[in-house]
2 protein chains.
Amino acid sequence: MTVPPQADPPVGPGSRDAQDVAAAAARARVAAKLAAAGSPGSAVPHPEARSVPEATVARLAVYLRALGDVSATGAETVSSEDLSAAAGVNPAKLRKDLSYIGSNGTRGVGYEVSRLIRQIELVLGLTQRHAVALIGVGNLGHALAGYGGFAGRGFPLRALFDVDPDLVGININGILVEHVERIGEVCAGLDVTIGVIATPGAAAQLVCDRLVAAGVRSILNFAPVVLQVPARVEVRKVDLAVELQILSFHVARRGDDQVDPAPPAARNGPAVPAVVRR
Amino acid sequence: MTVPPQADPPVGPGSRDAQDVAAAAARARVAAKLAAAGSPGSAVPHPEARSVPEATVARLAVYLRALGDVSATGAETVSSEDLSAAAGVNPAKLRKDLSYIGSNGTRGVGYEVSRLIRQIELVLGLTQRHAVALIGVGNLGHALAGYGGFAGRGFPLRALFDVDPDLVGININGILVEHVERIGEVCAGLDVTIGVIATPGAAAQLVCDRLVAAGVRSILNFAPVVLQVPARVEVRKVDLAVELQILSFHVARRGDDQVDPAPPAARNGPAVPAVVRR
DNA sequence: GCTACTTTGTGCCTGCGTTCACGAGCGGCT
DNA sequence: AGCCGCTCGTGAACGCAGGCACAAAGTAGC
Ligand SMILES: NC(=O)c1ccc[n+]([C@@H]2O[C@H](COP(=O)([O-])OP(=O)(O)OC[C@H]3O[C@@H](n4cnc5c(N)ncnc54)[C@H](O)[C@@H]3O)[C@@H](O)[C@H]2O)c1
Ligand SMILES: NC(=O)c1ccc[n+]([C@@H]2O[C@H](COP(=O)([O-])OP(=O)(O)OC[C@H]3O[C@@H](n4cnc5c(N)ncnc54)[C@H](O)[C@@H]3O)[C@@H](O)[C@H]2O)c1
């Protein structure tokens, strides 16, 4: 394993918090109010959903997976209660979420599985494939490149980049690793819309800038750096350290509370109904 | 009646959406006992502030990293403005966040870097090391196991598990891969508090159950499954597919209005981005 | 020692997100 | 055909989070 210059760059000011769902929601929430204030009945041929809250978008993806499971069982319809249980959310929340995308369930029956899947895919923009580029074919990058979940879910990995001369030129899963200098031309040529950054933190901003220059509009960042991007570019960050630290907080919290309340078993027993009961 | 999804155990509801920050916040918001008679001067060993919002906890981890950067520059103090810029948040938000942990900045000066780092580490429970166990040493698991960011940030990886006979028994970074059956005894013996699941989705719930039985209170889940756990266990999910789909949504969203240098209010007229018609 | 300036800490307001509760439609049963 | 029961869709209430703006508190300068 190459031991890269681990460290963190000086970083810069004036950025955005891509991790913060609520803030992103606020940003994304563009006024979508239709002028049609007239009749409540709405005879409009626009069953167009109103703007979808960011929090809902995140859950739609989860619903989609749950729907896949349901579909695998052969069921043709599913109730909000069942589906919400599978997705781990409140039934009312699920129904409201689905209502945002102009959903049509059938009262007394539930949601038609296949129809709902199509609808969510449509809203999430999954009907068109999004070419993905991955930059940084190291430890993590290799794992990601070899992961079938990309293409399997409509996100074909089309380009790989690195600076390491030992890596540039090799093939991974049939994809040639290009030099990072070529991000611009290659991404533009392949019409890459999503970039995944798996380089060390020090290189992330530079790589990000190149991606943006190449017209990439969405970036998934694994490097522990807050990326600075123009407003039109969407960044999502996956930060292992942050996740662990959040978990640590809860361990400490509960640890103080009680170390060993009720260890094993006892799981199924008390049918706690709703999600939270405190 | 619809058939329950195969992947899901009987267990019933009571699942939780670890990804959802806001909801988690509500859940985690437990009234802290300390009435906070806090005198400004000294930090008692119990600086446990009043209950810290979940959203704030997530950002504290980010601040911590930013503080590391600042510290590396040699600065002894940092203003909320500078630090917030480095962390990519609003200065007021940062100050409020820090106020939750009973922070003591100095007015007219800023925050003492080293003190603030210690304070955040204390609140996040990073003063005690958390032994981590990783289950599923496959594609992703290997990358994680080889990653220095674990131990480097106070989360020593102490145990590895898998079912594959070819993997059980090998050493990775000096850690022996144990058979998954031994989760219970090994984790209990090493006092593992955080479990990381990197198995295929089908095995995740089973592994999760074992971890819980072993007394693990926090789980980081990479498998695309909604885990069912008792309320006292905290789960956080990292789901690549979900992240990509969220990005996809935004691509579709923004893709419609093309390059748009200025962010004018002209967006009002052409309605609704939500549903993409193609 | 007093004034002016800097920066924190926070009260208040706004708005999003979640949840409850209930009306509205739909299928099935008698 | 009509009634009954099931489940969706959503209006309204509530609570949390974000952000502005200002008073408090400390520093630096004179
Ligand atoms: N490995 C993990 O499990 C893991 C987990 C969470 C986060 N991360 C983060 O992901 C990133 C990558 O981690 P890793 O373990 O794969 O590191 P790594 O060192 O194994 O791989 C980094 C790769 O990026 C390449 N690279 C360096 N500079 C580059 C540049 N300017 N342009 C293009 N490529 C460049 C290197 O040649 C190397 O191949 C790091 O930021 C790390 O913090 C890793
Ligand atoms: N590889 C990636 O980049 C990536 C990205 C996102 C999510 N994921 C998810 O992470 C998980 C692992 O992905 P992967 O690519 O490493 O898969 P993988 O098949 O390479 O590795 C899975 C490992 O888990 C082991 N395993 C299977 N059943 C087990 C059990 N019951 N107990 C213990 N170990 C068991 C297997 O032996 C194998 O070593 C999957 O759920 C995948 O969806 C992977």
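Everything quoted here is computed from the prediction, not taken from an experiment. (Residues numbered from 1 in each chain as written. Chains lettered and ligands numbered in written order. Predicted model: local features only at pLDDT ≥ 70, side-chain atom pairs only at ≥ 80, totals over all residues. Heavy atoms only, no water.)

Quick word on the overall build of chain A
- Looking only at helices and strands, chain A has ten helices and nine strands in total.
- Counting all 278 residues of chain A, 48% fall into the buried class.
- Sequence-distant contacts in chain A: of pairs separated by 6 or more residues, those separated by 24 or more amount to 58%.
- Of the roughly 13,200 Å² of accessible surface on chain A, a fraction of 55% belongs to carbon and sulfur atoms. (Helix = DSSP H or I, 4+ residues; strand = E, 2+ residues; numbered from the N terminus. Buried < 20%, exposed > 50% of the residue type's maximum accessible area, 1.4 Å probe, protein only. Contact = heavy atoms within 4.5 Å. Areas by Shrake-Rupley, 256 points an atom, 1.4 Å probe, with all protein chains shown as cover.)

A few points about the site of ligand 1
- Surveying the vicinity of ligand 1 reveals 26 residues, the closest of which are N139(A), L140(A), D162(A), T199(A) and Y147(B).
- The environment around ligand 1 is built from residues contributed by chains A and B.
- Between ligand 1 and N139(A) there is a distance of 2.7 Å, counted from an oxygen atom to a backbone nitrogen or oxygen. (Near = heavy atom within 4 Å. Polar contact = N/O pair within 3.5 Å; in protein donor to acceptor, adjacent residues only side chain to side chain.)

A few points about the confidence of the model for chain A
- Averaged over all residues, the pLDDT of chain A equals 79, while 73% of them reach at least 70.
- Contacts for the low-pLDDT stretch residues 1-49 of chain A, under 50 throughout, to residues beyond four places or in other chains number 77 contacts. (pLDDT = per-residue confidence, 0-100.)

A few points about the packing of helix α2 (residues 54-72) of chain A against helix α3 (residues 80-87) of chain A
All names here are of chain A.
- Put simply, α2 and α3 touch, their axes get as near as 9 Å, and they point 110° apart. One finds that α2 runs roughly perpendicular with respect to α3. For the pair α2 and α3, the crossing hand works out as right-handed. On α3, the residues that touch V62, Y63, A66, L67 and V70 of α2 are L83, A86 and A87.
- Classifying every residue of the contact of α2 with α3 gives eight nonpolar, no polar and no charged. (Axes fitted to C-alpha atoms, helices over the stretch in contact; angles between N-to-C directions. Parallel < 35°, antiparallel > 145°, perpendicular 65-115°, else oblique. Left-handed = near helix turned anticlockwise from the far one by under 90°. Nonpolar A, V, L, I, M, F, W, Y, C, P; charged D, E, K, R; others polar.)

Remarks on the sheet that holds strand β7 (residues 192-197) of chain A
Residue and element names in this part refer to chain A.
- An order of β5-β6-β4-β3-β7-β8-β9 is seen for the seven strands of this open sheet, with the pairing classed as mixed. Two strands in the sheet have a free side with no partner beyond their single neighbour: β5 (171-172) and β9 (234-237).
- Relative to β9, strand β8 (residues 218-221) is paired through four bridges, and the arrangement is parallel. Along β9, the bridge assignment pairs I219 with V235.
- Contacts between helix α9 (residues 201-213) and the sheet are confined to β3 (131-135), β7 and β8, with β7 contributing the most and set at about 175° to the helix. (Pairing = 2+ DSSP bridges.)

Describing the packing of helix α3 (residues 80-87) of chain B against helix α4 (residues 91-100) of chain B
Residue and element names in this part refer to chain B.
- It is at 8 Å that the axes of α3 and α4 come closest, and there the two elements cross at 100°. The orientation of α3 relative to α4 falls into the category roughly perpendicular. For the pair formed by α3 and α4, the contact residues are S80, E81, L83 and S84 on the first element and P91, L94 and R95 on the second.
- Classifying every residue of the contact of α3 with α4 gives three nonpolar, two polar and two charged.

Concerning the side chain of D162(A)
Residue and element names in this part refer to chain A.
- Along the polypeptide, D162 turns up in strand β4 (residues 157-162).
- Here D162 sits buried without a salt bridge, and the closest side chain of opposite charge, R210, lies 10 Å off (N-O distance).
- Only 2.7 Å separates the side chain of D162 from the backbone nitrogen of V137, close enough to count as a polar contact.
- Not counting the four nearest positions on each side in its chain, D162 is found in contact with G136, V137, G138, L167, V168, V177, E178, H179 and V180. (Lys, Arg positive; Asp, Glu negative; His and termini not counted. Salt bridge = Lys/Arg side-chain N within 4 Å of Asp/Glu carboxyl O.)

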